[in-house]
Amino acid sequence: MSKIIDLRSQTPKRNTRRSKSQIRKVAWHWSGTARGGFWSFWNNTWSKYRPPWSTGGYAEIILSDADNNDVELCYDYEMVTNGVGGQNSYIYNMCVVANKEFSPSQKRVLFERTKKVIDDLNLTVDDVMGHNEFPGQNTQCPGQNMNRLRQEFKAYREGEKVKVDRPTQTKSSSTGSTPSFAKMSARQKYSEIEVAFKEAGLSVTQGQRLLIGAGEQLPRFGADGKPGAETLAAIERFQLKHNISSRNGNFFGRPGPSTIQRLRMIVRYVGVRRHDRGAYPRGTDIRAVQRVIGVTVDGIYGPQTAAAVRSYQRGFSSLTNDGILGPATWGHMFG
Ligand SMILES: [Zn+2]
């Protein structure tokens, strides 16, 4: 039996703490090494960064078979750790010491621990993601086939549930005929994004403009009408930020009705904009337009914005080239 090694009173900490309710995802990592544990990672890597990390990378670490798969408990839920670049505030980071497929006994301990964590945090199996499944991560970590591993974890958890609950299970949701979004190939995901936009009456370009208008970045390709990795990552970021589908990881990354509704709520047309003498109209809808047409985002419909709107209008024969942000121009831009 593996044992818990409680390091929580000894590990380096940051000054701020979060509340447990902020945690919406569990991230699985591997160490990329055959052996080691918190202190070897800290001494050899994390403390060597400049500036050094204020905390280690993981809240808990499942050690190698050679170390009996003991579990190092490094941080409480309330401490943010440095596992997933730019995303850690809502993540509980767990690591397995391995540089190949997790061993069966490592998986058993990982599943056991993760089950406890998601029960504590009131999350679901689909809230458990590999490091490289989070937006904007360029890494092999956790080096496992995540769809398969998550499936195994799901099976493990259902088995556990039967033990606890009454064994009157109804087979539902996850056995539906359409594969869940999370399990699709990248190419399938992209065409699924197109379908989802279409269902909302939007072209891909309009969907991308809504994302940009809402403040998400599409720095390389912009609103090019072709969904790809950049668009997918922007959708995921938006959903995470607005806590959409965090309880239903199956569709994480697919711009379903609640995502579109939220986008439209943020990128909302307020009224016809004209140049009143002296004062320029201002508003959040103008900010959204400015993000799309690429001028300074100050929310003020001044001459620079009007000129950029005019040049946008010039690009489409269906639009009157008047520099006025009326319903036609708005509808063309955002649907
Ligand atoms: Zn990782």
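Keep in mind it's a predicted model, so treat the numbers as computed, not measured. (Residues numbered from 1 in each chain as written. Predicted model: local features only at pLDDT ≥ 70, side-chain atom pairs only at ≥ 80, totals over all residues. Heavy atoms only, no water.)

Observations regarding the coordination of the zinc ion
At step 1: Every protein donor of the zinc ion is accounted for by His-29 (ND1), His-131 (ND1) and Cys-141 (SG), and the metal-donor separations fall at 2.0 to 2.3 Å.
At step 2: The sequence pattern formed by the donor residues of the zinc ion is H-x101-H-x9-C. Residue His-29 is located in strand β2 (residues 25–30), and its partner His-131 is located in the loop between β6 (128–130) and α3 (146–164); the two are separated by 102 residues in the primary sequence.
At step 3: Judged by its relative accessible area of 1%, His-29 is buried.
At step 4: Given a relative accessible area of 10%, His-131 falls into the buried group. (Donors = N, O, S within 2.8 Å, 3.2 Å for Na, K, Ca; no water. Helix = DSSP H or I, 4+ residues; strand = E, 2+ residues; numbered from the N terminus. Buried < 20%, exposed > 50% of the residue type's maximum accessible area, 1.4 Å probe, protein only.)

Quick look at the packing of helix α5 (residues 204–213) against helix α10 (residues 327–334)
At step 1: Where α5 meets α10, the axes come as close as 7 Å, and the angle between the chain directions of the two elements is 100°. Here α10 runs roughly perpendicular to α5, going by the angle between their axes. Where α5 approaches α10, its residues Gln-206, Arg-209, Leu-210 and Gly-213 are matched on the opposing element by Gly-331, His-332, Met-333 and Phe-334. (Axes fitted to C-alpha atoms, helices over the stretch in contact; angles between N-to-C directions. Parallel < 35°, antiparallel > 145°, perpendicular 65-115°, else oblique. Contact = heavy atoms within 4.5 Å.)

Focus on the side chain of Arg-254
At step 1: With respect to the helices and strands, the residue Arg-254 is situated in the loop between α6 (229–241) and α7 (257–266).
At step 2: Look past the residues within four positions of Arg-254 in its chain and what remains in contact with it is Phe-181, Glu-192, Val-195, Ala-196, Glu-199, Ile-235, Gln-239 and Thr-259.

Details of the nonpolar core
At step 1: One finds Val-26, Trp-28, Phe-38, Ile-61, Tyr-92, Leu-110 and Phe-153 to be the most contacted residues of the largest nonpolar core, which totals 40 residues.
At step 2: Those elements giving two or more residues to this core turn out to be β2, α1 (38–44), β3 (60–62), β5 (91–96), α2 (104–121) and α3.
At step 3: Setting aside residues up to four positions removed in sequence, Trp-28 forms contacts with Met-94, Leu-110, Phe-111, Thr-114, Val-128, Met-129, Gly-130, His-131, Pro-142, Met-146, Leu-149 and Phe-153.
At step 4: Core analysis: the next-biggest nonpolar cluster, separate from the first, contains 34 residues, Ile-193, Leu-211, Val-295 and Tyr-301 among them. (Core = buried A, V, L, I, M, F, W, Y, C linked by side-chain atoms within 4.5 Å.)

With respect to helix α8 (residues 284–293)
At step 1: Restricting attention to buried positions, one finds in α8 the residues Asp-285, Ile-286, Ala-288, Val-289, Gln-290 and Ile-293.
At step 2: On its buried face, α8 is in contact with α5, α9 (303–314) and α10.

Description of the pairing of β5
At step 1: Within β5, six of the six residues are buried, which leaves the element mostly enclosed by the surrounding structure.
At step 2: Burial along β5 is two-sided: the residues Ile-91, Asn-93 and Cys-95 and Tyr-92, Met-94 and Val-96 are all buried.
At step 3: Relative to β5, β2 is paired through six bridges, and the arrangement is parallel. Looking at β5, one finds that Val-26 is bridged to Tyr-92. (Pairing = 2+ DSSP bridges.)

Describing the sheet that holds β6
At step 1: Reading across the sheet, the six strands line up as β1-β4-β3-β5-β2-β6 and stay open at both edges, with mixed pairing between neighbours. The open sheet has two edge strands with one neighbour each: β1 (4–6) and β6. Here the average twist between neighbouring strands, direction ignored, is 25°.
At step 2: Direction of pairing for β3 relative to β5: parallel, over a ladder of three bridges. Considered in β5, the bridge of Ile-62 is made with Val-96.

A word on the environment of Ser-318
At step 1: On the secondary structure map, Ser-318 appears in the loop between α9 and α10.
At step 2: Look at Ser-318 and you get exposed, because its relative accessible area is 57%.
At step 3: Residues Ser-318 and Ala-328, spaced ten residues apart in sequence, show a C-alpha to C-alpha distance of 8.9 Å.

Things to note about unusual backbone geometry
At step 1: Here the residue pair Arg-50 and Pro-51 is connected by a cis peptide bond, since its omega of -5° sits within 30 degrees of zero.
At step 2: Following the sequence through the fold, Pro-51 ends up in the loop between α1 and β3.
At step 3: One non-glycine residue, Asn-68, lies in positive phi territory at about 70°.
At step 4: Along the chain, Asn-68 falls in the loop between β3 and β4 (71–73).
At step 5: Backbone geometry at Asn-69 places phi at a positive 55°, although glycine is not the residue there.
At step 6: You can see Asn-69 is positioned in the loop between β3 and β4.
At step 7: A relative accessible area of 8% means that Asn-69 is categorised as buried.

Section: the pattern of salt bridges
At step 1: For the coordinates displayed, the defined rule picks out 19 salt bridges.
At step 2: Between Arg-8 and Asp-6 there is a salt bridge; the shortest N-O distance is 2.9 Å.
At step 3: Between Arg-254 and Glu-192 there is a salt bridge; the shortest N-O distance is 2.8 Å. One end of the pair, Arg-254, is in the loop between α6 and α7; the other, Glu-192, is in helix α4 (residues 186–199), and 62 residues separate them in sequence. Of the two residues, Arg-254 and Glu-192, both sit in the buried class.
At step 4: Salt bridges linked by common partners bring Asp-6, Arg-8, Arg-17, Asp-76 and Glu-78 together as one network. (Salt bridge = Lys/Arg side-chain N within 4 Å of Asp/Glu carboxyl O.)

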